[in-house]
Number of protein chains: 2
Amino acid sequence: MNYFMRIAFRGRDFNGTQKLKDKITVQSMLEEKLTSIFDENIKVKIGSRLDKGVSALDFGVNFKTSIEKVKPNKLQYVLNRLLPNFIRIKECREVADDFNARYDAISKTYLYVIERKVENPLLIEVCWHPIFDFDIETFRNVSKLYVGNHCFDFFGSEEEKDGKILSIEDVWVEEKGNYVLWRVKGRSFLRYQVRFMVGTAYEIAAGRTSIAEITSRLDGTNKTTVHHKAPASGLILEKVEYDFERSENLAKE
Amino acid sequence: MNYFMRIAFRGRDFNGTQKLKDKITVQSMLEEKLTSIFDENIKVKIGSRLDKGVSALDFGVNFKTSIEKVKPNKLQYVLNRLLPNFIRIKECREVADDFNARYDAISKTYLYVIERKVENPLLIEVCWHPIFDFDIETFRNVSKLYVGNHCFDFFGSEEEKDGKILSIEDVWVEEKGNYVLWRVKGRSFLRYQVRFMVGTAYEIAAGRTSIAEITSRLDGTNKTTVHHKAPASGLILEKVEYDFERSENLAKE
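This is a predicted model, so every value here is computed, not measured. (Residues numbered from 1 in each chain as written. Chains lettered and ligands numbered in written order. Predicted model: local features only at pLDDT ≥ 70, side-chain atom pairs only at ≥ 80, totals over all residues. Heavy atoms only, no water.)

> Looking at this model, I keep getting lost on the interface of chain A and chain B. Mind explaining?
Many authors give the size of an interface as the accessible area that is lost as the parts come together. Across the contact, 21 residues belong to chain A and 21 residues belong to chain B. Between chain A and chain B lies a buried interface of about 1,800 Å² when both sides are counted; carbon and sulfur atoms form 66% of it. Ranking the residues of chain A by area buried against chain B places Glu119, Pro121 and Leu122 of chain A at the top, with a combined share of 33%. Our enumeration of links across chain A and chain B arrives at four salt bridges. Between arginine 10 of chain A and glutamate 125 of chain B there is a salt bridge whose closest N-O contact spans 3.5 Å. Where chain A touches chain B, the interface holds two residue pairs in polar contact (both at pLDDT 80 or more). For the side of chain A that touches chain B, the secondary-structure elements that each account for two or more residues are strand S1 (2-9), strand S3 (55-64) and strand S4 (87-95) of chain A. Residue classes in the side of chain A that touches chain B are distributed as 12 nonpolar, three polar and six charged. (Contact = heavy atoms within 4.5 Å. Buried area = accessible area lost by both parts, 1.4 Å probe. Salt bridge = Lys/Arg side-chain N within 4 Å of Asp/Glu carboxyl O. Polar contact = N/O pair within 3.5 Å; in protein donor to acceptor, adjacent residues only side chain to side chain. Helix = DSSP H or I, 4+ residues; strand = E, 2+ residues; numbered from the N terminus. Nonpolar A, V, L, I, M, F, W, Y, C, P; charged D, E, K, R; others polar.)

> What should I look at first to understand the side chain of serine 48 of chain A in this one?
All names here are of chain A. The topology assignment puts serine 48 in the loop between strand S2 (44-46) and S3. Within the local environment of serine 48, its side chain forms a polar contact with the side chain of lysine 108, the two groups lying 3.3 Å apart. Apart from residues lying up to four places away in sequence, serine 48 is in contact with Thr17, Phe59, Lys108, Tyr110 and Leu237.

> Would you mind showing me how to read the pattern of salt bridges here?
Side-chain pairing between opposite charges can occur once the charged atoms of the two side chains come close. In total, this model carries 52 salt bridges over all chains according to the counting rule given. A salt bridge links glutamate 175 of chain A to arginine 116 of chain A, with the nearest nitrogen and oxygen atoms 3.5 Å apart. Here arginine 116 of chain A lies in the loop between strand S5 (105-115) and helix H3 (136-144) and glutamate 175 of chain A lies in strand S7 (residues 165-176), a separation of 59 residues in the sequence. Judged by relative accessible area, arginine 116 of chain A falls into the partly exposed class, the value being 25%. The salt bridge partner of arginine 208 of chain B is glutamate 203 of chain B, with a shortest N-O separation of 3.0 Å. (Buried < 20%, exposed > 50% of the residue type's maximum accessible area, 1.4 Å probe, protein only.)

> What is the right way to read the confidence of the model for chain A from this model?
Keep in mind that low pLDDT regions are not for reading the predicted coordinates in detail. Per-residue confidence for chain A gives a mean pLDDT of 93, with 97% of residues at or over 70. Per-residue pLDDT, averaged within each element of chain A, yields its smallest value for helix H6 (residues 244-252) of chain A (67) and its largest for S2 of chain A (98). (pLDDT = per-residue confidence, 0-100.)

> Looking at this structure, I do not really get the packing of helix H1 (residues 26-38) of chain B against helix H2 (residues 72-82) of chain B. What am I missing?
Geometrically, a packed helix pair is captured by the angle between its two axes and the distance between the axes. Residues and elements named next belong to chain B. One can describe the packing of H1 onto H2 by two numbers: an axis separation of 11 Å at closest approach and a directional angle of 125 degrees. With respect to H2, the element H1 is oriented oblique. Remark: the crossing between H1 and H2 carries right-handed chirality. Taken together, the residues of H2 that come into contact with H1 (itself represented by Lys33, Leu34, Ser36, Ile37 and Phe38) are Leu75, Val78, Leu79 and Leu82. (Axes fitted to C-alpha atoms, helices over the stretch in contact; angles between N-to-C directions. Parallel < 35°, antiparallel > 145°, perpendicular 65-115°, else oblique. Left-handed = near helix turned anticlockwise from the far one by under 90°.)

What follows is the structure, encoded as structure tokens:
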């Protein structure tokens, strides 16, 4: 039996999502609770690898059990009773055996919340407060340069360079009073990619570097990694779209 | 010289607003920083006394200095550099000598943020998550019973009973997705009054007690204090209106 769950969690309480020895991570906390519920060793597959400090409002995981069927609704209820309230199970459902929370994700939308002038102490932990003022139109326009198919090797971690072309479906910049919401949607991202993308666009919009920081990396003429990484705290995985039908159709064939 | 400031702060970081020996409070933190800036002993007058854990998005204070004039803009900037980011100075201005942040407040609006189903771990610390489900229409209707002039002695702390009539200008209940926003506006409130008001309305809306919990206290037939106190964490002092002209006109006369 393969269970899929959508969860939400607060980044500051975890050392990232992936299991790490002796550290509290999203994967290890879920495995511990599920293992105690099912009384068998449960391995959780995570849909995304998020850095320490990054939050999620929609994060997919799946795991398999060999034992008797537990109703998804019931499992969701029991898990939410066992977990601390900074991590919540929002949905739980049965999926086809070959469904994988990582590979069946069609798209991911990340949100950066930027507070331009710190006035709301209640939200400081989920916002980024850049030091310099920046031009919103420039921020929007240069962010649009990322849209399309590009090699993002120079916006990723040093270890991951492989020349692969990744697709950014769209980038939106929305102004809401004192806040700027920066969103990016794509199928997959390299480690640190979103933080480098928003950090570089901000540096250009703040007049601290030129537009070539983006263009020369995207066309491959500059083969050094950008170094403008926005902090983890303002980053939220906001939405993940899944293709539940693919594996269900495969199962029927 | 009399300075007025509007500030915002996160309740979880303070032991309330009023000075307490050996504890971090809003008043003591401001006095400490202002004393170091002006190099004389500054006494801060606070506009409201908020319980430990209650946050504010708009909280008025005033204080007097004997020394040379410091521009309000400059003072705001310097203070925000010295203060941690869970407390922010939003406005600073000079006011008439007899202006008092407590007595010149015309109205205060308190907001309770209620999340009915915990799904957003990013906001758990500024919301109240009641255990029982409740009927929103009943919650709205019974909350309206508070509007008008009443003696709130049985919705306040035990020490404060004095038969004084207080005026509640309005109560609003707004539903926003998973959230219920409960607001009350009035000139002054007894200690615990807002927490008792919202807590009692919720108990009735959850079908756990009768409407007499409110009516019998407001008409004085029941002389026991209600015991349904909502937690401090969901409570926010959202807006304070001031009469700046009163003291300025007095000064001109």
